[in-house]
Amino acid sequence: MESLEILKKKTNLLLDIAITLMVSGANTNRANTSINRFALVLGCRAFSMISHKTLVMTLTDNHTGETYTKVQNMPSYAINFTTISCISKASWKALENSWSFEQIEEEFKNIRSRKRYSRIQVLLAVSLAGAGFCNIFGGDYISMAVAMVSTFVGLFVLQEAHKKDYNMYFRVLLASFIASSVASLGVVYDIGDSPDLALATSILFLVPGVPLINSFTDLLDNNLLNGQVRFTSGLMIVMAIAMGLFGALLIFQ
Amino acid sequence: MTEFFKILEVAIWSGVAALGFGILFNIPKKAIFTVFFLGFIAGLIKFILLHLNTNIIVASFAGALTVGFLSMPLAHKIHQPPVVFSIPAVIPMIPGYFAYKTVLAVMNFTFIETESAKRGELINDIFSNGFTMFFILISLTIGVSFPLLLLRKTTVKNMSRKLED
């Protein structure tokens, strides 16, 4: 009986790690590999079925042959590459130094409590990225400033909508509409040499780069189902961005 | 010479854009410089190729492929999984302007233009911009993930060797 309790605890920990990885934006293969590494350290074998919203895992103890299966739902996705990086590193260290269950649990707790960049840091960095985009497409400095301001406002709206827990695609639509509306003012009042470039770049901070790239790695890995799910989710975001831009163009042109 | 500085400036802004997205994705502090560097290199390669009149799809693919291959040794060097900096680094190459032109043409076609000759031009715009956008997106994703898939073989090999010990 004792050993089954331990197996339950191990399964819970591994499930939490896998879910954290998926939610942070790792591809399916990475989640599987990390889980297998940790399971190896804990003297078990793990078999899991990973989908977009649910994770099913069966853990088999190598010595007793006991198994334990659990299904868990995933929270909403929030991309966090620091978490992915730390868990990956921890899995290597665990394998090299044969960590105990408690050590892994402790390390995972530490990783989870790490702070993200502050809101203002993110706002400033992404606004600068918006200005950079404008330059890449050939905009002049005034247009870059317009792109920067509209990105800032758009991202601010996105974060506020996130706090209010609106539907994900609605959030993107709203942010896209607001950002392109602000940039459209530049077109209306003819600010800078290339106001249309500022308009085109004001919404690029919403581009679903991580779901789309992960979708292709999943597809190439033959995780076809997850790949398709990610692609659809990315496509929905792209459509939401286009709809927002569409609305702003209709009003301002 | 001014051409060269122009390309250099654009490449630097590519690095800045990559870094901005990196911060949005919460990359580790250690990876900040690497992300900037990879974004810079990708921009440099893409714009030099564009300057030499290469097709934009090919140029984007070359940039993404370079990021994918460079991210492998860099990943080993600073002990991070390669995805952490390869994804932010290719984001500046996303074909935003083509996407915008496609949406604009679709809108004009549906809501505004009634003259049939102009509508024909708009269909041309929709298809040329839309497909350019689509193929750039595909070449970016394949360019960046292909080297990572090649690398994976070796990591799995290391792991199974460990298993046998």
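Remember, it's a predicted structure, so these values are computed and weren't measured experimentally.

Right, let's get into the overall build of chain A. If you tally the helices and strands in chain A, you get 10 helices and three strands. Along chain A, helices (α) and strands (β) appear in the sequence α-α-β-β-β-α-α-α-α-α-α-α-α when read from the amino end. In terms of principal-axis extent, the alpha carbons of chain A reach across some 75 × 35 × 30 Å. Burial status across chain A gives 52% buried among its 253 residues. Summarising the internal contacts of chain A: among those between residues at least 6 apart in sequence, 65% fall at separations of at least 24. Taken as a whole, chain A presents about 11,400 Å² of accessible surface, with 60% of it coming from carbon and sulfur.

On to unusual backbone geometry. Although it is not a glycine, A:Asp190 sits at a positive phi angle of roughly 55 degrees. Here A:Asp190 lies in the loop between helix 7 (168-188) and helix 8 (195-201). Phi angles above zero are rare outside glycine, and B:Asn53 is one such case at about 65 degrees. Here B:Asn53 shows up in the loop between helix 2 (32-51) and helix 3 (56-78).

Quick look at the domain arrangement of chain A now. Residue and element names in this part refer to chain A. Each domain of chain A was delimited in the assignment, giving domain 1 (2-113) and domain 2 (119-252). If you average the C-alpha positions of domain 1 and of domain 2, the two centres end up 34 Å apart. Contacts between domain 1 and domain 2 engage 11 residues on the former and nine residues on the latter. For the pair domain 1 and domain 2, the summed buried surface comes to about 830 Å²; carbon and sulfur atoms form 49% of the total.

Taken residue by residue, the interface counts 57 residues in chain A and 50 residues in chain B. Between chain A and chain B lies a buried interface of about 4,900 Å² when both sides are counted; carbon and sulfur atoms form 76% of it. Summed over the three residues of chain A that lose the most area to chain B, namely A:Phe81, A:Tyr117 and A:Ile136, the buried surface amounts to 15% of that side. Counting the contacts that link chain A with chain B gives zero salt bridges. Applying the counting rule to chain A against chain B returns 11 residue pairs in polar contact (both at pLDDT 80 or more). Broken down by element, the residue count for the side of chain A that touches chain B peaks at 11 residues, all from helix 5 (residues 119-136) of chain A.

Residues and elements named next belong to chain A. Ranked by internal contacts, the top residues of the largest apolar core, which has 107 residues, are Leu 14, Ile 17, Phe 38, Leu 55, Phe 81, Ile 104 and Phe 205. A total of 10 residues in this core trace back to one element, the largest contributor, which is helix 1 (residues 2-24). Residues lining this core come from more than one domain, with at least three contributed by each of domain 1 (2-113) and domain 2 (119-252). Beyond its immediate chain neighbours, meaning those up to four positions away, Ile 104 contacts Leu 13, Ile 17, Phe 38, Val 41, Leu 42 and Trp 99.

The rules behind the values
- Residues numbered from 1 in each chain as written.
- Chains lettered and ligands numbered in written order.
- Predicted model: local features only at pLDDT ≥ 70, side-chain atom pairs only at ≥ 80, totals over all residues.
- Heavy atoms only, no water.
- Helix = DSSP H or I, 4+ residues; strand = E, 2+ residues; numbered from the N terminus.
- Buried < 20%, exposed > 50% of the residue type's maximum accessible area, 1.4 Å probe, protein only.
- Contact = heavy atoms within 4.5 Å.
- Areas by Shrake-Rupley, 256 points an atom, 1.4 Å probe, with all protein chains shown as cover.
- Domains from an automatic or database assignment.
- Buried area = accessible area lost by both parts, 1.4 Å probe.
- Salt bridge = Lys/Arg side-chain N within 4 Å of Asp/Glu carboxyl O.
- Polar contact = N/O pair within 3.5 Å; in protein donor to acceptor, adjacent residues only side chain to side chain.
- Core = buried A, V, L, I, M, F, W, Y, C linked by side-chain atoms within 4.5 Å.

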